[in-house]
Amino acid sequence: MINVGVIGVGMIGQDHIRRLTHVLSGARVAGVADVDLDRASAVAAGLSEGRVFESGEKLIADAGVDAVVVTSWGPTHEAYVLAAIAAGKPVFCEKPLASTADACSRIIDAEVASGRRLVQVGYMRRYDAQYRAMKSAVHSGEIGAPLLMHAAHRNPSVPPHFTSDMIINDSAVHDIDVARWMFDDEIASVAVLKPRQNRKAAAGLDDPLVLLLEMAGGVLVDVEVMLNAAFGYDIRGEVVCEDGVVELSESAGVVVKSAGRYAGRVPTDWRERFVRAFDVEFQEWLDDVAAGAEPTGPSSWDGYAATVVCDTGLAALRGGGREPVVLRSRPALYGVVSP
């Protein structure tokens, strides 16, 4: 049994605690930490043996914690991930790996110095059955070489505090990671286009946006991000190859046909659409930890590369032109783009 400590018990932290406690096998939540000690205590009270730690650092250092899950505020991620690496403990960090490219780079340096991979970053779309089937079709060679990818990320609405920068950093980042993973390639440049503003968008919010990602190998990826789609949480993806296309199917499950019409369900939020992907992601991570193996999921390099591409996208948003993506050299520890 793996004793997992969770740092950050907000909405996603509590969802992962539920997952680790009631859905997955081979783990128990041994402790929690949060800047809000009252909230941490309330969450721990619902666990059979969970302890409350005064700080994330104390949780990481405790001998009763075998592995760490970081779901705290983004700017705190660097310190906790570095502490876990120093303690030699596997750490699952929800995206972003860190809030700046420099911070991500410091994590890479620490992990390389440790001599082995300890960090996995939470890009759950890689674990979605539809995305995995799409990648399998692309790499089978049966429909020829990939040429283009069309993607869309549509939210029904967003909170009032959501900014144009967050469209890229919080929403498009998933499509950025998918593009790198789908084609086992790095993104070479980013351009951002602003269509007419959605009338439902708050003043000053550039909604929707279209990102154009040019892969180093020549595949072109366009990503539509719309935050006020109203009708539901709608995720789209299609890869156009030389001899055919492969696309994500509707996620509704069933389509009902009646009275000359057909209808199906559109998910209402990301948890409904990707709940199974989160489960698979965590179970595979736990299996790696239990085996004493290095994590096989998204790496510190993947977290760093996504952050650099997001920063480049923000520069393109502000400047209105095509911006090149400049990455540091990839350490041998990370091989190629994560499978």
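In short, a report on the structure.

Criteria and thresholds
- Residues numbered from 1 in each chain as written.
- Predicted model: local features only at pLDDT ≥ 70, side-chain atom pairs only at ≥ 80, totals over all residues.
- Heavy atoms only, no water.
- Pairing = 2+ DSSP bridges.
- Helix = DSSP H or I, 4+ residues; strand = E, 2+ residues; numbered from the N terminus.
- Axes fitted to C-alpha atoms, helices over the stretch in contact; angles between N-to-C directions.
- Core = buried A, V, L, I, M, F, W, Y, C linked by side-chain atoms within 4.5 Å.
- Buried < 20%, exposed > 50% of the residue type's maximum accessible area, 1.4 Å probe, protein only.
- Contact = heavy atoms within 4.5 Å.
- Salt bridge = Lys/Arg side-chain N within 4 Å of Asp/Glu carboxyl O.
- Right-handed = clockwise from strand over helix to strand, strands pointing away.
- Phe/Tyr/Trp six-rings, centres within 6.5 Å; stacked < 30°, edge-to-face > 60°.
- Lys NZ or Arg CZ within 6 Å of the ring centre and 35° of its normal.
- Parallel < 35°, antiparallel > 145°, perpendicular 65-115°, else oblique.
- Left-handed = near helix turned anticlockwise from the far one by under 90°.

Here we take up the sheet that holds strand β3 (residues 51-53). The six strands are arranged β3-β2-β1-β4-β5-β6 in an open sheet whose pairing can be described as parallel. Strands with a single pairing partner mark the edges of an open sheet, and in this sheet they are β3 and β6 (119-122). Within the sheet, the average angular offset between the axes of one strand and its neighbour, ignoring direction, is 25°. Note: strand β5 (residues 91-94) against β6, four bridges, orientation parallel. Bridged to F92 within β6 is Q120.

The next thing to look at is unusual backbone geometry. With an omega of 0°, the peptide bond between K95 and P96 qualifies as cis. In this structure, P96 sits in the loop between β5 and α5 (101-114). With an omega dihedral of 5°, the bond running from D207 to P208 counts as a cis peptide bond. Within the element layout of this structure, P208 appears in the loop between β8 (187-193) and β9 (209-215).

With that settled, the discussion passes to the nonpolar core. One finds M182, F183, L211, L213, V221 and V239 to be the most contacted residues of the largest nonpolar core, which totals 82 residues. Here the element with the most residues in this core is helix α7 (residues 164-183); it accounts for 11 residues. With residues near it in sequence (within four places) discarded, M182 still touches Y131, M134, K135, V138, H139, M149 and V239. Grouped together as the second largest cluster of nonpolar side chains are 21 residues, A27, A40, V43 and W285 included.

Time to look at the pattern of salt bridges. According to the stated counting rule, one finds 26 salt bridges in the structure shown. Here R236 ties to D234 by a salt bridge, and the two come within 3.1 Å at their closest N and O atoms. For R236, a relative accessible area of 34% gives the class partly exposed. A relative accessible area of 7% places D234 in the buried class. Among the charged side chains, a network of salt bridges with common partners joins R126, D177, R180, E186, D302 and R330.

Residue alternation in β5 divides its side chains into two sets, V91 and C93 and F92 and E94, and both sets are buried. Pairing of strand β4 (residues 67-70) with β5 involves three bridges; the strand directions are parallel. Across the sheet, V69 pairs through a bridge with F92, a residue of β5. As for the winding sense of the linkage, the β-α-β connection from β5 through α5 to β6 is right-handed.

This structure, assessed with the given rule, holds six aromatic pairs. On the basis of an interplanar angle of 40° and a centroid distance of 4.4 Å, the ring pair of F92 and F282 is categorised as tilted. One end of the pair, F92, is in strand β5; the other, F282, is in helix α8 (residues 270-291), and 190 residues separate them in sequence. A relative accessible area of 0% places F92 in the buried class. Looking at F282, the relative accessible area reads 0%, which means it is buried. When the ring centre of W270 is taken as origin, the NZ or CZ atom of R271, which lies over that ring, is 5.3 Å away. Of note, R273 hangs over the ring of F274, and the distance from its end group to the ring centre comes to 4.4 Å.

Packing of α5 against helix α9 (residues 300-319) leaves a shortest axis separation of 9 Å and a crossing angle of 165°. As summarised for this structure, α5 and α9 are arranged roughly antiparallel, according to the angle between their axes. In this structure, α5 meets α9 at a crossing whose hand is left-handed. Contact with α5, carried on its side by A101, C104, S105, I107, I108 and E111, involves S300, W301, G303, Y304, T307, V308 and D311 of α9 and no other residues of that element.

Our next topic: the environment of D165. Turning to its location among the elements, D165 is positioned in helix α7. Sequence separation of D165 and Q130 is 35 residues, and the distance between their C-alpha atoms is 28 Å. When residues no more than four places from it in sequence are discounted, the contact partners of D165 are L314, L317 and R318.

Glancing now at the sheet that holds strand β11 (residues 234-241). Across a sheet, paired strands are connected by hydrogen bonds in the backbone, their directions being either parallel or antiparallel. Reading across the sheet, the seven strands line up as β12-β11-β7-β10-β9-β8-β15 and stay open at both edges, with mixed pairing between neighbours. Whereas interior strands pair on both sides, the edge strands pair on one side only; in this sheet they are β12 (244-247) and β15 (323-324). One ladder, built from eight bridges, connects strand β7 (residues 146-154) with β11; its direction is antiparallel. When the bridges of β11 are listed, P146 appears paired with C241. Running at roughly 30° to β9, α7 makes contact with β7, β8, β9, β10 (220-226) and β11 of the sheet.

These values are about where atoms sit, not about what they do.
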